[in-house]
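What the coordinates show
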Amino acid sequence: MAFQKAVKGTILVGGGALASVLGLSQFAHYRRKQVNLAYVEAAECVSEPVNREPPSREAQLLTLQNMSEFDILVIGGGATGCGCALDAVTRGLKTALVERDDFSSGTSSRSTKLIHGGVRYLQKAIMKLDIEQYRMVKEALHERANLLEIAPHLSAPLPIMLPIYKWWQLPYYWVGIKLYDLVAGSNCLKSSYVLSKSRALEHFPMLQKDKLVGAIVYYDGQHNDARMNLAIALTAARYGAATANYMEVVSLLKEAEPHTGRQRVCGARCRDVLTGQEFDVRAKCVINATGPFTDTVRRMDNQDAAAICQPSAGVHIVMPGYYSPESMGLLDPATSDGRVIFFLPWQKMTIAGTTDTPTDVTHHPIPSEEDINFILNEVRNYLSCDVEVRRGDVLAAWSGIRPLVTDPKSADTQSISRNHVVDISESGLITIAGGKWTTYRSMAEDTINAAIKTHNLKAGPSRTVGLFLQGGKDWSPTLYIRLVQDYGLESEVAQHLAATYGDKAFEVAKMASVTGKRWPIVGVRLVSEFPYIEAEVKYGIKEYACTAVDMISRRTRLAFLNVQAAEEALPRIVELMAKELNWDDYKKEEELETARKFLYYEMGYKSRSEQLTDRSEISLLPSDIDRYKKRFHKFDADQKGFITIVDVQRVLESIGVQMDENTLHEILNEVDLNKNGQVELNEFLQLMSAIQKGRVSGSRLAILMKTAEENLDRRVPIPVDRSCGGF
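Note that the coordinates shown come from a computational prediction; the quantities given were computed from them, not determined experimentally. Throughout, residues of each chain are indexed from 1 in the direction in which the sequence is written. A pLDDT threshold of at least 70 governs which residues receive local features in this predicted model, and a stricter bar of 80 or more applies before side-chain atom pairs are shown or counted, although totals over entire chains, interfaces and linings include all residues. No hydrogens and no water enter the side-chain calculation; it runs on all heavy atoms of the structure.

For the protein, the helix and strand inventory stands at 25 helices and 23 strands. Relative accessible area decides the class of each residue, using a 1.4 Å probe on protein chains only: under 20% of the type maximum gives buried, over 50% gives exposed, and in between gives partly exposed. Taking all 727 residues of the protein together, the buried fraction comes to 57%. Contact criterion: two residues are considered in contact whenever any of their non-hydrogen atoms come within 4.5 Å of each other. In the protein, of all internal contacts separated by at least 6 residues, the share reaching a separation of at least 24 is 73%. Accessible area for the protein stands at about 31,000 Å²; split by element, carbon and sulfur atoms hold 52% of it. A run of H or I in DSSP becomes a helix once it reaches four residues, and a run of E becomes a strand once it reaches two; helices and strands are each numbered from the N terminus. Under the convention used here, a 1.4 Å probe and the Shrake-Rupley method define accessible areas, while residue burial counts only the protein chains that appear.

Structure (structure tokens):
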């Protein structure tokens, strides 16, 4: 078994400083020239895509079935697998890709959303004189610049603040961040800088101000990870790759070589997860790019294969946007247990994470309450005491499994670098394992280079540097204005479409439904507080969405932003998909149930709902209990001990508020813990206790009842003669 460590770079690390063979100025000039040449080569060598639009999934399945033999078959539709398919097909190789779930359904959609070299990896490289870690950082910084270039609609530079609370840390971290800029060289996004305490608080007003000395700001990239992954897959399909999601590899095909009699992998037996149909896909070379499931596929080839992947779970949480500035992130370089926490604005929300703990491999990782609370506690340490960090403000949470490459005997995943490894088995199966999101393209290049060499395939060099991904070529920062002017979309919706689909946003706009309002003219929202519109569901099916989960988590990002909003949008999403895909009532119910289960377990809804149960304690002061009882009895006028929809409607009508019965039912159901169709006094007190403790926030019933009480208390009887006889 041969291992090829995929590491690049020529600068050595020694004595805590960087030494270059060429000298720093010469090296920077050389790298600029090298990068520019690569972009020119990519532009000149890559032909136009063979398809104006990606072929349908049905057409792709026919290609997979009818092609006698592909050059490359990639197993895995994450960032690396799709990157391999794009790299191979743009070299002129007949390429196929199969994924057992949806594109980006695993780790690639559950990242920190950063495109970065890794400040902490550079720190480890210098402190431990680790040349491999240094080379990985350098490679990642080059790839960061390329990714920002080829998908400008999905990515952008993001300033990240590192707050300093001890004077000695200021020069220490300043040197480290400046080295990060230096290693990036010509690929440096913007130069880092130091802020005084007052300027730091001006940029990040919710920051803990006690003992704050100042801050350092550096730049990394940020992206929409699932949409980026999908853009890579769609680009590969447009260039001619036969890509299919929901195609599971059941077994690997093997045949004996004529001269040696040695068994070699020559394809895979695949099963359509949606229909159950099975068929063989033959290929000269099979690539295993399955992330955390790397060893599962390797053992299809050789059941005695040693494990080369040690999985690690990373949990993230999403909180309301007011927890962070709109355009400034935060890095906690040393948490209470030595890990790193990012606190970043993303999609007008705030994302915080990540944890790093050993885990078992599963298709359905679940964020634990312990990890969620760990992140919340770390966030509390860095935010002002004026900002109450509440458990109830966690709108979504997820766990992603990192496929770290490690010595199987190692137990400490936190000290492991995410360098990638290309493994070639005796039967010719090529495995690409490890690495990180940012370096997916160079990982793919190394993998296809190995495939060409091992299997004597005829192809030229990689052509993916500078190759625009789907939607990126004709995108511009002002594209959204044309969407507003030409189609009558809301500005927020137009900006969202431009940032999600790039130059393909016009195709989505053409599908948008008329609202029936004066403004916006078109673009019916799926849920009021987010800019996702119904047309995206129809367009998402063209992007190979097959299930409601695909739609709420990867075509739109609703599930990652707010699980309750995603659940509210589900019925309409299923209706729209049913119309396009001819689902019957049974299929619609099945999709709803599966999607709700996904939200409940994998996106943190379970942890959120467990903050208020029929077993929740009531920890209130006697004065608070009296106050809340008084509020409750304004609705429970008959002293029944519970309130129903009729009671709430009666009070709302008395203060001139109209609300439809379905909405009221949803509002009461959130607090009806024993599900008997009514909210009892005890349940209401449990709710108010949970709100006081910060475990629950944004309860519609609590806000509605408080507002109604205030209106009732302010209301003054109006004399008949002053109101024209009470008319």
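With that settled, the discussion passes to the pattern of salt bridges. Salt-bridge detection follows one rule: a side-chain nitrogen of Lys or Arg within 4 Å of a carboxyl oxygen of Asp or Glu. Within this structure, the stated rule accounts for 43 salt bridges. A salt bridge links E248 to R271, with the nearest nitrogen and oxygen atoms 2.9 Å apart. Of this pair, E248 sits in strand β11 (residues 247-256) while R271 sits in strand β12 (residues 263-272), and the two are 23 residues apart along the sequence. Measuring nitrogen to oxygen at the nearest pair gives 2.9 Å for the salt bridge that ties E255 to R282. Of this pair, E255 sits in strand β11 while R282 sits in strand β13 (residues 278-288), placing them 27 residues apart in sequence.

What follows deals with the packing of aromatic side chains. Only Phe, Tyr and Trp rings are paired, with Trp represented by its six-membered ring, and only when their centres lie within 6.5 Å; those with planes under 30 degrees apart are stacked, over 60 edge-to-face, the remainder tilted. Using the criterion set out here, one finds 13 aromatic pairs in the structure. Ring centres 5.2 Å apart and planes at 25 degrees place the aromatic pair Y322 and Y323 in the stacked group. On the accessibility criterion, Y322 (51% relative accessible area) is exposed. We classify Y323 as buried; its relative accessible area is 1%. Aromatic side chains Y628 and F684 sit 6.4 Å apart centroid to centroid with 90 degrees between the ring planes, which places their arrangement in the edge-to-face category. Of this pair, Y628 sits in helix α21 (residues 622-635) while F684 is found in helix α24 (residues 681-692), placing the two residues 56 residues apart along the sequence. By the burial criterion, Y628 is buried, and F684 matches it. Positioned above the aromatic ring of W346, the side-chain terminus of K113 is 5.0 Å from the ring centre. Only when the NZ atom of a Lys or the CZ atom of an Arg is both within 6 Å of the ring centre and within 35 degrees of the ring normal do we say a charge sits over the ring. Here the guanidinium or amino end of K640 rests over the ring plane of F642, the centre of that ring lying 5.3 Å away.

Counting through the fold element by element, N562 comes out in the loop between α17 (558-561) and α18 (563-581). We call two N or O atoms a polar contact when they sit within 3.5 Å, provided that within protein one can donate a hydrogen and the other can accept it, with sequence-adjacent residues counted only if both atoms are side-chain atoms. A polar contact is formed between the side chain of N562 and the backbone nitrogen of A565, at a distance of 3.1 Å. Residues contacting N562, with those up to four places away along its chain left out, are L395, A396 and F530.

Regarding helix α23 (residues 661-669), the residues found buried are L664, I667 and L668. An end-on view of α23 places all buried positions within 95 degrees of arc, on one side of the element. Buried residues along α23 sit against β22 (642-643), α22 (645-654), β23 (679-680) and α25 (700-714). What the arc measures is the spread of directions leading from the helix axis to the C-beta atoms.

This part covers the packing of α23 against α25. When two helices pack together, their arrangement is captured by the angle between the axes and the distance separating the axes. Note on geometry: axes are C-alpha line fits, over the in-contact stretch for helices, and angles between N-to-C directions span 0 to 180 degrees. Two numbers describe how α23 lies on α25: the axes approach to 8 Å, and their chain directions differ by 110 degrees. By the criterion of interaxial angle, the relationship of α23 to α25 is roughly perpendicular. The residues of α25 that touch α23, namely those facing E666, I667 and L668, are R700, L701 and L704. In these notes the angle categories are as follows: under 35 degrees is roughly parallel, over 145 is roughly antiparallel, 65 to 115 is roughly perpendicular, and the rest is oblique.

Moving on: the UniProt feature "domain: EF-hand" (unreviewed entry) in the protein. The UniProt feature table records "domain: EF-hand" (unreviewed entry) at residues 623-658 and 659-694. As a span, residues 623-658 carries 64% helix and 6% strand, and end to end its C-alpha atoms are 32 Å apart. UniProt positions are given in the numbering used here, feature names are shortened, and annotations may be inferred rather than shown by experiment.

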